[in-house]
Amino acid sequence: MGNPLIIAIDGPAASGKSTVARRVARKLECVFVNSGEMYRAFTWWTLHNQVDPNDTVAVVKLLEETQFTCGEEDLVGYVEVQGRRLTEEEMKNDAVNSSVSAIAAIAEVRARLVAEQRAFAAESSLVMEGRDIGTVVFPDTPYKFFIDASPEIRAARRSAEGIEDSIEARDLADSMRTASPLKVATDAMVIDSSFMGVDEVVDLVVDAIQWKSTPNVTS
Ligand code: CDP
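Everything numeric here is computed off the predicted structure, so don't read it as measured data.

(A) Up close: the overall build of the protein. A count of helical and extended segments in the protein gives ten helices and seven strands. Taken over the C-alpha trace, the protein has a radius of gyration of 17 Å; the compact-globule value for 219 residues is 17 Å, and the two agree within 12%. Each of the three principal axes of the protein carries a C-alpha extent, and together these read 55 × 40 × 30 Å. Partitioning the intrachain contacts of the protein with sequence separation of at least 6 by distance along the chain shows that 75% fall at a separation of at least 24. Separation of charge centres in the protein, based on 22 positive and 35 negative side chains, amounts to 2 Å.

Written as structure tokens, this is what we have:
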């Protein structure tokens, strides 16, 4: 498909954006990056260091002392915090779920992690999913998607994964924060996946990307 592509996929918790983003990346042979993992990894590190997630001064001090290493393996992005790569269980445990939105609301944390996220684009084409990828991280990309689903369906999807998660509280905190709140980019394609299968959403996203990237077609 010619030039490197940056595909931004945003949306609220458990909207299915991770599954969709991963599949779109595989189809287009791009690197897949879950930006939420970076916020989760630093939240885990904060708790591991017994720093109170609501104590911004202490969190920022820890941030300054922390080294992040980001890269990709087999077209999947990873983050290491102070040389440590976390397991899925560590990143998704209850304590992380209930503290991650407080950590992600801190402007200094966002600035540091957004810089890491942008560095991925220097290396290769990518699909990145999160909350502010189309609005803040890569505002110039023409490939922006916002994947939504009703609150009931999202809660059901998360509990089907067997995970206890306060998605309502996180969505509220993520939407109300001052620093890069969760919102739809004005030029994003919004997809309500409530009554759609994963394949259907993936096909819609891939078709839209191919249509937009075809020369002589104006958007
Ligand atoms: O998988 P799920 O959609 O539940 O969440 P996630 O993508 O793992 O993100 C976890 C948390 O990280 C979110 O609730 C946000 O507080 C924060 N986050 C963010 O602020 N900005 C991003 N680009 C990605 C995640």
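(B) Structural context of the pairing of strand β3 (residues 68-73). Two strands pair when backbone bridges link them, and β3 and strand β4 (residues 76-81) are joined in this way by six bridges, in the antiparallel orientation. Bridge assignment links Cys70 to a residue of β4, and that residue is Val79.

(C) Quick peek at the pairing of β4. Summarising burial for β4: five of the six residues are buried, a large majority. From the end of β3 to the start of β4, which pair antiparallel, there are two residues, and Asp74 there has a positive phi angle of about 50°.

(D) Highlighting the nonpolar core. If you look at the biggest cluster of nonpolar residues, it comprises 33 residues, and the most contacted ones within it are Phe42 and Val109. Listed by contribution, the elements that provide at least two residues to this core are β2 (31-34), α2 (35-48), α3 (56-65), β4, α5 (94-104), α6 (107-123), β5 (126-130) and α7 (133-137). Those residues in contact with Phe42 that lie beyond four places of it in its chain are Val59, Leu62, Leu63, Thr66, Phe68, Val81, Ile103 and Val109. Ranked by size, the runner-up nonpolar core spans 21 residues in total, among them Ile7, Ala21, Tyr143 and Ile209.

(E) Spotlight on the packing of aromatic side chains. Following the criterion strictly, the structure yields one aromatic pair and no others. The ring centre of Tyr78 lies 3.7 Å from the NZ or CZ of Arg85, which sits over that ring.

(F) Seen up close, unusual backbone geometry. Even without glycine at this site, Ala14 takes up a positive phi of about 60°. Residue position: Ala14 is located in the loop between β1 (6-10) and α1 (17-28). Residue Ala14 is classed as buried on the basis of its relative accessible area, which comes to 7%.

(G) Quick peek at the state of the cysteines. Under the definition given, this model contains zero disulfides. Cys30 takes part in no disulfide bond, and the closest cysteine sulfur to it belongs to Cys70, at a distance of 18 Å. Classification of Cys30 as buried rests on a relative accessible area of 2%. Residue class for Cys70 comes out partly exposed when judged on its relative accessible area of 24%.

(H) Quick look at the packing of α1 against helix α10 (residues 198-213). Interhelical geometry of α1 versus α10 gives an angle of 50° and a closest axis separation of 9 Å. In this view, α1 runs oblique relative to α10, as classed from their interaxial angle. Of the two possible hands of crossing, α1 and α10 adopt the one that is right-handed. Of α10, the residues touching α1 (which contributes Thr19, Val20, Arg23, Val24, Lys27 and Leu28) are Val198, Asp199, Val201, Val202, Asp203, Val205, Val206, Ile209 and Gln210. Looking at side-chain class alone, the contact of α1 with α10 contains nine nonpolar, two polar and four charged residues.

(I) Expanded view of the site of the ligand. Residues in close proximity to the ligand total 19 residues, the closest being Lys17, Arg40, Arg158, Arg170 and Asp174. Between the ligand and Arg177, the relevant distance is 2.9 Å, taken from an oxygen atom to a side-chain nitrogen or oxygen of the residue. Protein coverage of the free-state accessible area of the ligand, which is 530 Å², stands at 99%. If you list the elements that add at least two residues to the shell around the ligand, you get α2, α5 and α9 (167-176). Tallying contributions element by element places α2 first for the shell around the ligand, with four residues. Of the residues contributing to the shell around the ligand, the split by class is six nonpolar, four polar and nine charged.

The rules we used
- Residues numbered from 1 in each chain as written.
- Predicted model: local features only at pLDDT ≥ 70, side-chain atom pairs only at ≥ 80, totals over all residues.
- Heavy atoms only, no water.
- Helix = DSSP H or I, 4+ residues; strand = E, 2+ residues; numbered from the N terminus.
- Rg over C-alpha atoms; globule rule 2.2 N^0.38 Å.
- Contact = heavy atoms within 4.5 Å.
- Lys, Arg positive; Asp, Glu negative; His and termini not counted.
- Charge placed at Lys NZ, Arg CZ, Asp CG, Glu CD.
- Pairing = 2+ DSSP bridges.
- Buried < 20%, exposed > 50% of the residue type's maximum accessible area, 1.4 Å probe, protein only.
- Core = buried A, V, L, I, M, F, W, Y, C linked by side-chain atoms within 4.5 Å.
- Phe/Tyr/Trp six-rings, centres within 6.5 Å; stacked < 30°, edge-to-face > 60°.
- Lys NZ or Arg CZ within 6 Å of the ring centre and 35° of its normal.
- Disulfide = S-S within 2.5 Å.
- Axes fitted to C-alpha atoms, helices over the stretch in contact; angles between N-to-C directions.
- Parallel < 35°, antiparallel > 145°, perpendicular 65-115°, else oblique.
- Left-handed = near helix turned anticlockwise from the far one by under 90°.
- Nonpolar A, V, L, I, M, F, W, Y, C, P; charged D, E, K, R; others polar.
- Near = heavy atom within 4 Å.
- Polar contact = N/O pair within 3.5 Å; in protein donor to acceptor, adjacent residues only side chain to side chain.
- Areas by Shrake-Rupley, 256 points an atom, 1.4 Å probe, with all protein chains shown as cover.

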